[in-house]
Amino acid sequence: MGSKQRLAGKLALVTGGSRGLGRHIAASLAEAGASVAVNYANNAANAEETIRMITSAGGNATAFQADITREQEVSELVHRVEGHYGRSIDVLVNNATGPQPMLPLEESTWQTYLDQLEFFVKAPLLLTKEVLPGMKSNGSGSLIHIGSEVVQIGNARFSSYVTAKAAMIGMTRSWASELGPHGIRVNLIAPGWIPVERHEGADTSGYQSAVPLGRMGEPLDIANAVVFLASDESRFITGQCLSVNGGRTYGI
Ligand SMILES: NC(=O)c1ccc[n+]([C@@H]2O[C@H](COP(=O)([O-])OP(=O)(O)OC[C@H]3O[C@@H](n4cnc5c(N)ncnc54)[C@H](OP(=O)(O)O)[C@@H]3O)[C@@H](O)[C@H]2O)c1
């Protein structure tokens, strides 16, 4: 088996895989040989474009609509994915995000915070509980959270997002301790600013000048890290936070 096929026979679910980082994560997992369930919420055309990209490159992927912040939809999503492929999910990438409003504290409410916690705490919890029975019975699995470098930076007027991303670190560490004895690994990738479709036209020069490696990150930089953490090449790594940001910050 070539190193490009190091996920052959595995089934991966990527939340928010229809565009942005999730699209590239899905494509790289498929290129490594995994069958990929591409979740999306609203934009079926984007999801189909991701599937077209993957299948035209010889990969295997199917789109699954579900709002991952809703308990019933998450349960149905995992059953649909596992039913479609006739096996349990081996790799779960908690990637989806909703809007990320930047607000001063005076304009932030408990609901503002809850909105972020829905995506970065509630959804990973619901999804993980659904995939756990399959992973436990296989005695293996990889859970990968997409966090953010903002936890190390503490960006002003962004506290709801920063707080929710910080909570993902707690989940990563506690779940790694609890699930390690079952052969299930849990890790977090903390990207720096990786321009995607929604950043089109943004001025990146100020940010880039503080990146030791001297360039903006690309979605493939994150996708490569996900494939590594999904594969057996990282088989002795769990509970870790991996910064993928050109050296802009150090470990969390
Ligand atoms: N890009 C960056 O610079 C950066 C930096 C640090 C961390 N991150 C993190 O990386 C992850 C991906 O970010 P991104 O920039 O690629 O985001 P994005 O381009 O905005 O994509 C968001 C994805 O989430 C999906 N989504 C939205 N609401 C959903 C819901 N309720 N249920 C299921 N899926 C839903 C969207 O699908 P629909 O379009 O169908 O709604 C879309 O596929 C996020 O966790 C983000 O916080 C990104």
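Residues numbered from 1 in each chain as written. Predicted model: local features only at pLDDT ≥ 70, side-chain atom pairs only at ≥ 80, totals over all residues. Heavy atoms only, no water.

Caption draft 1: Local environment of helix H3 (residues 71-85). With 15 residues, H3 should reach 21 Å at 1.5 Å per residue; the first-to-last C-alpha distance of 22 Å fits that figure. Lining the buried residues of H3 we find strand S1 (11-14), strand S2 (35-40), strand S3 (60-65) and helix H4 (110-138). Backbone geometry just downstream of H3 places glycine 86 in the positive-phi region, at approximately 65°. (Helix = DSSP H or I, 4+ residues; strand = E, 2+ residues; numbered from the N terminus. Expected span 1.5 Å × (residues − 1). Contact = heavy atoms within 4.5 Å.)

Caption draft 2: Expanded view of the site of the ligand. Surrounding the ligand, one finds 32 residues, the nearest of these being Ser18, Leu21, Asn42, Tyr161 and Arg198. A distance of 3.2 Å separates an oxygen atom of the ligand from a polar backbone atom of alanine 41. Contacts to the ligand include asparagine 95, whose backbone N or O atom sits 2.8 Å from an oxygen atom. In the complex, 94% of the free accessible area of the ligand, which totals 910 Å², lies under the protein chains. According to the grid-proximity analysis, the pocket containing the ligand is the largest pocket. Counting residues per element, the ones that place at least two in the shell around the ligand are helix H1 (20-31), S2, H4 and helix H6 (159-179). (Near = heavy atom within 4 Å. Polar contact = N/O pair within 3.5 Å; in protein donor to acceptor, adjacent residues only side chain to side chain. Areas by Shrake-Rupley, 256 points an atom, 1.4 Å probe, with all protein chains shown as cover. 1 Å grid on protein atoms, 1.4 Å probe; cavity = no way out; pocket = protein on both sides within 12 Å on 5 of 7 lines; lining within 4 Å. Sits in = over half its atoms within 2 Å of the grid points.)

Caption draft 3: Seen up close, the pairing of S3. With six bridges connecting them, S2 and S3 associate as parallel partners. By the bridge assignment for S3, alanine 37 is matched with threonine 62. At this point the chain moves from S2, through helix H2 (residues 44-56), to the parallel S3, and the crossover so formed is right-handed. (Pairing = 2+ DSSP bridges. Right-handed = clockwise from strand over helix to strand, strands pointing away.)

Caption draft 4: Layout of the layout of surface pockets. In this structure, the largest pocket spans a volume of roughly 1100 Å³. Those elements that place two or more of their residues in the lining of the largest pocket are H1, S2, H4, helix H5 (150-153) and H6. With three residues, the single largest contributor to the lining of the largest pocket is H1. Residues that form the lining of the largest pocket fall into these classes: 20 nonpolar, 17 polar and six charged. (Points joined across faces, edges and corners; volume = space filled by probe spheres on them. Nonpolar A, V, L, I, M, F, W, Y, C, P; charged D, E, K, R; others polar.)

Caption draft 5: Spatial organisation of the pairing of strand S5 (residues 141-146). Across the six residues that make up S5, a large majority, six, are buried. Burial of the side chains of S5 extends over both faces: Gly141, Leu143 and His145 are buried on one face and Ser142, Ile144 and Ile146 on the other. Pairing geometry for strand S4 (residues 91-94) and S5, over four bridges, is parallel. Paired with leucine 92 across the bridge in S5 is leucine 143. Bridge count between S5 and strand S6 (residues 184-191): six bridges; the pairing is parallel. If you follow glycine 141 over to S6, its bridge partner there is isoleucine 184. (Buried < 20%, exposed > 50% of the residue type's maximum accessible area, 1.4 Å probe, protein only.)

Caption draft 6: Seen up close, the packing of aromatic side chains. Evaluation of the coordinates by the stated rule reveals four aromatic pairs. Considering the side-chain rings of phenylalanine 119 and phenylalanine 120, the 6.4 Å spacing of their centres and the 55° angle between planes classify their relative orientation as tilted. Relative accessible area serves as the criterion here: at 1%, phenylalanine 120 is assigned to the buried category. Here phenylalanine 120 and tyrosine 161 contribute two aromatic rings whose centre-to-centre distance is 5.6 Å and whose plane-to-plane angle is 80°, an arrangement assigned as edge-to-face. One end of the pair, phenylalanine 120, is in helix H4; the other, tyrosine 161, is in helix H6, with 41 residues separating them in the sequence. Tyrosine 161 shares its class with phenylalanine 120; the two are buried. Within the aromatic cluster, the residues linked to one another by ring pairs are Phe119, Phe120, Phe158 and Tyr161. Geometry around phenylalanine 120 places lysine 165 over its ring, the cationic atom sitting 3.6 Å from the centre. (Phe/Tyr/Trp six-rings, centres within 6.5 Å; stacked < 30°, edge-to-face > 60°. Lys NZ or Arg CZ within 6 Å of the ring centre and 35° of its normal.)

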